[in-house]
Each structure stands twice: as C-alpha cells, then as structure tokens.
Amino acid sequence: MTALTGLSIAAVRDGLASRDFTAIELARAHLQAMEKTRHLNAFITETPEIALERAKQSDARRAKGRALGPMDGVPVAIKDLFCTADVLTTGGSHILDGFKPTYESTVTAKLKAAGAVMLGKTNLDEFAMGSSNITSYHGPVKNPWRGKRNDDLVPGGSSGGSAAAVAAGLSACAIGTDTGGSIRQPASFCGIVGMKPTYGRCSRWGIVAFASSLDQAGPFARSVEDTAILLAAMAGHDPRDSTSAPVDVPDFAAALGKGAKGLKVGIPKEYTMDGMPAEIDKLWKQGIAWMRAQGATCREVSLPHTRYALPTYYIVAPAEASSNLARYDGVRYGLRVAGKTLDEMYAATRGEGFGPEVRRRVLIGTYVLSAGYYDAYYLKAQKVRALIADDFRKVFGQVDVLLTPTAPSAAFAIGEKMDDPVAMYLNDVFTVPASLAGLPAISVPAGLDADGLPLGLHLIAKPFDEATLFRAAQALEEACGFATRPPGFGGNR
Amino acid sequence: MSLNKETVRKIAYLARIRVPEDALAGLAAELNHIIGWVEQLNEVATEGVEPMASVVDITLPKRADEVSDGGIAEQVLKNAPEPVVAPGTDGGFFAVPKVVE
C-alpha cells in the first residue's frame, strides 16, 4: 500500500484508468500516512469521511465508464485558507475559531467537480502572513527534511502545511495561495514544485483574503507535469471575482515535453544580492548551464528596481491586509471576547484573536493609510510598484522567461529568525517582485545544499503565459534530475 | 518619521486592537524598525509615475441590476457568536453590546 502514496498525479491517473488500484485504496493509503505523521502538524483538520466518500463516488463513476478527467480520484490537500462548506476553516488564526463556512470557494468547488479527493485542510501562517509557518495559531509545521544537525526545520510559509504534506507523501498534490512567495518559498524549502499563476488566472472567491491585489491560488506537486495538470483543474474565469480574468484556460500539460530549444532565458543581474550564500549563487549558475544544455539561450537582463520590491510589498500588503482584516470584529463569526461597549468588544476580540505578526501588519497598514501618511508611504509604494511592473514589461520584450533563485537560503530551524521581522521578510526577496507585477512563476527543486537540504530555482514568465513557464520548468527539472523525496519519506516518483 | 508610544496607541485604536499598556514601547520599536526599512523607497524617483493599484488591466465587468441571491438569513447567522432570532420577524439578528442609550 505504501507505494500508492508516492505516486504522481500522472501515475495515479494511469493506474486508476488501468484498474491497478481504486480511488478508495488510494485515499486509505494517504489517510494512513497522514495518521502516522501527525507529528509534522501538516494538517489542521483531517477530513477522512469526505475523502472516502469522494473516493467511493470516483470509483462508482469509473465503474460506469464516466470518469471525469485526470483529477478524478486524485488525493489533494487544501490550504486552510480556502473556505470549504461545513468544514472548519481557520486561516491559521484564533479569531476564526469554530468557523464552518456555509459555502465552498470557487477553486475547491472546481476541484471537487473534477473528482479530486480532499484529504484535509493544511496548516499555514496566520492569515498567510509569514515565511516559516511559525505564526500559525495551530502550531508550527515541521519540514519532513532534516539537516545533518537533525534540528526540526521550518517548511517555509505561508503554505507550509501543503508543501510538507506533498514532500512527505501524505498527498499526491496540494493547493496553496501565494501573495509574496507563499507557494514558491515553501516548495523550495520542501524540495517540491510550487507554482503561482498569473494574477487573475484563478478565482479568489471564497479564499480568506490577505492582500487582494496580490493573492493568487496555485498548485503544489512533486513534478512540473503534475502542477500543470492540477492548475488546469483550478483555473478559469469566475464572475464572482471581478479580478478573475475572462480568458480561456489552455491545456497546460500539452505544452510539456517540448524541451527548451529556442527558449530565451533572461538572467536578471540585480538578483545577485549582497551577502547571498555561495551555494545559492552556485546553484543559480548551474541552472543557467542546465538551461543552455537543454537548448535555451541565456542572457543577462536588467530589472533596475528589484531592490525596492520588498519594501514596496511591505507597504502594499499590510495596507490591504489592514482593510481586509477589518471584517474580524467578533460580530458575525469566529471568536468574540466580551466588552462593555461595542468598541471595547471589537478591540478585545481583535487584541486576543490576532497573533503578533498579524497585529504588526495590521498596525503598519493602518499607519501607512492614515491621514498625513498616505501619500508618503502608500501612494509612494504604488508608484514604485508601477516601476517594478514596467521593468518586467521591458525585459519580456527580449526574453521568454527569467531564471533566479527561489529563496536566499535553505530551510532554517524552527525558532530561528524570530527576533527580527525584517530578517524574516528577506525570505521572499526573490519571489516578491513577480508578485507585485502579477506574473506567473514557479519553483523547481534543483539541488541539495551542504547540509543535505533542498534548494529551488525560480522561473518567471509573461502574464498568462503559464504554458511557456511549464515548458521551461520541465526542461530545468529534467536537467537537474532532483530526487524529490526527503529521507525517511521515500517512495517511487 | 519615528513612531512613539502615543502614535502606536492611536493607530491601535484606529485598528480596534487592544494593546496592553506595557506592550506599547516594544511595539513602537518594532514598527519603527520596519518603517525605517521601507523608507528606502524615498531614494526612488517617482515624479509623474501613475500609482498602480492593480495589475489587472480590465474594466470592471457589469451585470444586470437584478437580485442574484438572498433569502439565506439562516446561513448568514450560522457562524454568529451570538445569533438572535427575534420572534415575530422573518429574519435573525447579530447580538452586540448596546450601542444606543
């Protein structure tokens, strides 16, 4: 049975089609694996009844010759930021205690309609604010990878539970959300593939909002092909999200297997940072050589405003968050802490319900939006954001994709980088620029550092050109030949 | 710009987040550190640059002005910490501390 938990989506699809196993067997194997690895704390809520029911329905459809498509019967883990009907949805926060939505997010509804089997809701940084999964009210997630010092390591964040679950073989794939790097950085830390689509590609309806101009849902899996299959089932226009793009969803998987011959790859020189670890730089250079060996041409390009992306993000995202999180007032759902007046009840509820990082960001956001500071901070950041997006527009006149590192380090120990918020923010230095410009980007596991921990490489493409992104990512994946499983969580691919 | 305890108390009130008095100084230091770091944006020349609120270059779609949902008071109240269904009314209410004298 254990072999079933190591299968790719593509292998599951083929195995179910040729009746090598059933969706029920597959679901049971994954539920057992989840039970055995609860120490990772990857899931906030396990949903075995839903998983077995959906698997049963999938098998019944298949028996009648009515299987739905490549996701029918495939186990998937859902970041606990997606509203799921009648299933606890916490956003990793104390303030949503007991919240069971009466509706289903568009993305999870699409997965359900595609026949996917939900295994449970995965752990995350509170309201997706973090790069380590340490800010979750439900406790930190442990990375299934362990370095030579054998410390408990963070899985990255904010979609840390989703990344850890896929890396540990608890699910064939998972979905997450990415605001500034929350899919790509944990994918890099956990040695799997994680992808953020173009802003507008997936509906945000029913996703607990963090920063609405940046939030995007995206897939995690153990191969590029799998992320392409999963994204196709998540994406598409939704009239309930006014920023969801009314464009067709191409067959992403059809773009695969075409190699990198003729691809023009840009190497942004500003991504060489002071104090960047030599191993990261070395892997990046190796990535350039790999892309060349695959037939791509690589050239240096310039994105002059790169170094201003992170400070821009830390104005824009908290500003939007402070507005979005105003809804948590103790009146309509979740936690309520009593107060003598309505104002006191609001303040008591929000004081107790928000953790330190969320409180910090709401206060920063309130400050930069407040009278007298709006122009100096928020408007300024929006202007720099325009310059950053323009940098990308210019280089995409010359190249098809950009290649950079995903994160400035491998996974660090739980408890590290806690004293200085800015040091924690630097985790997203390579992922945030593409977020601000709304571009699709992917992290591909590319190698191990001296401590035996995975490192990812990052590709960025033009808006709505996920097909080229997947094509380049697969060429990179093929060239690096990364064995994607952490020691102790082995299995076939 | 430097945030003092008084400013933090004011923005915490604006954000309706209770912050214990003894936490204000520490929080002011943290926020100052972050604000000081983001102020490097002042180095960037932005005269004449149009601020970017969204990366999506589309006009907001319009739909017919028709009621498309409603009649789900029970669902709306389902997660309320203190729902009240008042007798003789067709809907329920969220109970809150008294706001009028």
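Worth saying up front: this structure is predicted, and the values here are computed from it rather than measured. (Residues numbered from 1 in each chain as written. Chains lettered and ligands numbered in written order. Predicted model: local features only at pLDDT ≥ 70, side-chain atom pairs only at ≥ 80, totals over all residues.)

1. Looking at the overall build of chain B
Applied cut-off: Counting from the N terminus, the helices are DSSP H or I runs at least four residues long and the strands are E runs at least two residues long. Each residue is classed by its C-beta neighbour count within 10 Å, where at least 20 other C-beta atoms makes it buried, 12 or fewer makes it exposed, and intermediate counts make it partly exposed; the C-beta atoms are placed from backbone geometry. Note on contacts: each residue gets a C-beta atom placed from the backbone, and two residues are in contact if those atoms are within 7 Å.
Helix and strand counts for chain B come out as three helices and two strands. The N-to-C order of helical and strand elements in chain B reads α-α-α-β-β. With respect to the principal axes defined by its C-alpha atoms, chain B has extents near 60 × 45 × 25 Å. Within the span of chain B, comprising 101 residues, buried residues form 16% of the whole. In chain B, the share of contacts with a sequence separation of at least 24, taken over all contacts with a separation of at least 6, comes to 23%.

2. Description of the interface of chain B and chain A
What counts is decided by this rule: The nonpolar class holds Ala, Val, Leu, Ile, Met, Phe, Trp, Tyr, Cys and Pro. Asp, Glu, Lys and Arg form the charged class, and all remaining residues, Gly among them, are polar.
Contacts between chain B and chain A engage 38 residues on the former and 55 residues on the latter. Considering each element in turn, the side of chain B that touches chain A owes the most residues, six residues, to helix α2 (residues 24-38) of chain B. For the side of chain B that touches chain A, the per-class residue count stands at 26 nonpolar, six polar and six charged.

3. Looking at the environment of A:G157
Residue and element names in this part refer to chain A. Structurally, G157 is set in the loop between β3 (117-122) and α5 (160-167). Overall, G157 belongs to the buried group, with 33 C-beta atoms counted inside 10 Å. Between the C-alpha atoms of G157 and Y377, which are 220 residues apart in sequence, the distance is 26 Å. Other than its neighbours up to four places away in sequence, G157 contacts L124, D125, G130, S131, S132, N133, S182 and P186.

4. Considering α5(A)
All names here are of chain A. The buried fraction of α5 amounts to eight of the eight residues, a majority that puts the element mostly inside the structure. Turning to α5, its buried residues are G160, G161, S162, A163, A164, A165, V166 and A167. Positioned one or two residues after α5, G169 has a phi angle of 75°, which is positive.

5. Let's talk about the sheet that holds strand β1 (residues 43-46) of chain A
All names here are of chain A. As a reminder of what qualifies: When DSSP locates at least two bridges between a pair of strands, those strands are taken to pair. Fitted lines through C-alpha atoms give the axes, limited to the stretch in contact for helices. The angle between two N-to-C directions lies from 0 to 180 degrees.
Reading across from one edge, β1-β3-β2-β4-β6-β5-β10-β11-β9-β7-β8 is the order of the 11 strands in this open sheet, with mixed pairing throughout. Of all strands in the sheet, those with a lone pairing partner are β1 and β8 (297-301), marking the two edges. On average, each strand axis in the sheet is inclined to that of its neighbour by 30°, with strand direction left out of account. Relative to β3, β1 runs antiparallel, the two being bridged by three bridges. Directly across from T45, in β3, lies its bridge partner K121. The strands touched by helix α2 (residues 23-36) are β1, β2 (75-79) and β3; relative to β3, the strand with the most contacts, the crossing angle is about 20°. Taken strand by strand, helix α15 (residues 466-480) contacts β9 (401-405), β10 (441-448) and β11 (454-461), and its axis lies near 150° from that of β11.

6. Here's the deal with the confidence of the model for chain B
Residues and elements named next belong to chain B. Our working rule: The predictor attaches a confidence to each residue, called pLDDT, with possible values from 0 through 100.
Mean pLDDT over chain B: 89, with 96% of residues reaching 70 or higher. For chain B, strand β1 (residues 83-85) is the element with the lowest average pLDDT, namely 75, and helix α1 (residues 5-14) is the one with the highest, namely 96. As a predicted assembly, this complex carries a pTM of 0.97 together with an ipTM value of 0.94.

7. Some points on the packing of helix α9 (residues 309-324) of chain A against helix α11 (residues 356-369) of chain A
All names here are of chain A. Stated formally: Every angle not falling under 35 degrees, over 145, or within 65 to 115 is termed oblique; those three ranges are roughly parallel, roughly antiparallel and roughly perpendicular.
Between α9 and α11, whose axes approach to 7 Å, the crossing angle comes to 95°. Classified by the angle between their axes, α9 and α11 sit roughly perpendicular to one another. Contacts between α9 and α11 pair I315, P318, A319, A321 and S322 from the former with R361, V362, I364, G365, T366, V368 and L369 from the latter. Looking at side-chain class alone, the contact of α9 with α11 contains eight nonpolar, three polar and one charged residues.

8. Some remarks on unusual backbone geometry
Residue and element names in this part refer to chain A. Of note, the amide linkage connecting G157 to S158 takes the cis form, showing an omega dihedral of 10°. If you trace the backbone, S158 turns up in the loop between β3 and α5. Its identity as a non-glycine residue notwithstanding, D86 has a phi of 65°, on the positive side. Here D86 shows up in the loop between β2 and α4 (106-113). Under the C-beta neighbour-count criterion, D86 is labelled exposed, with 12 such atoms within 10 Å.

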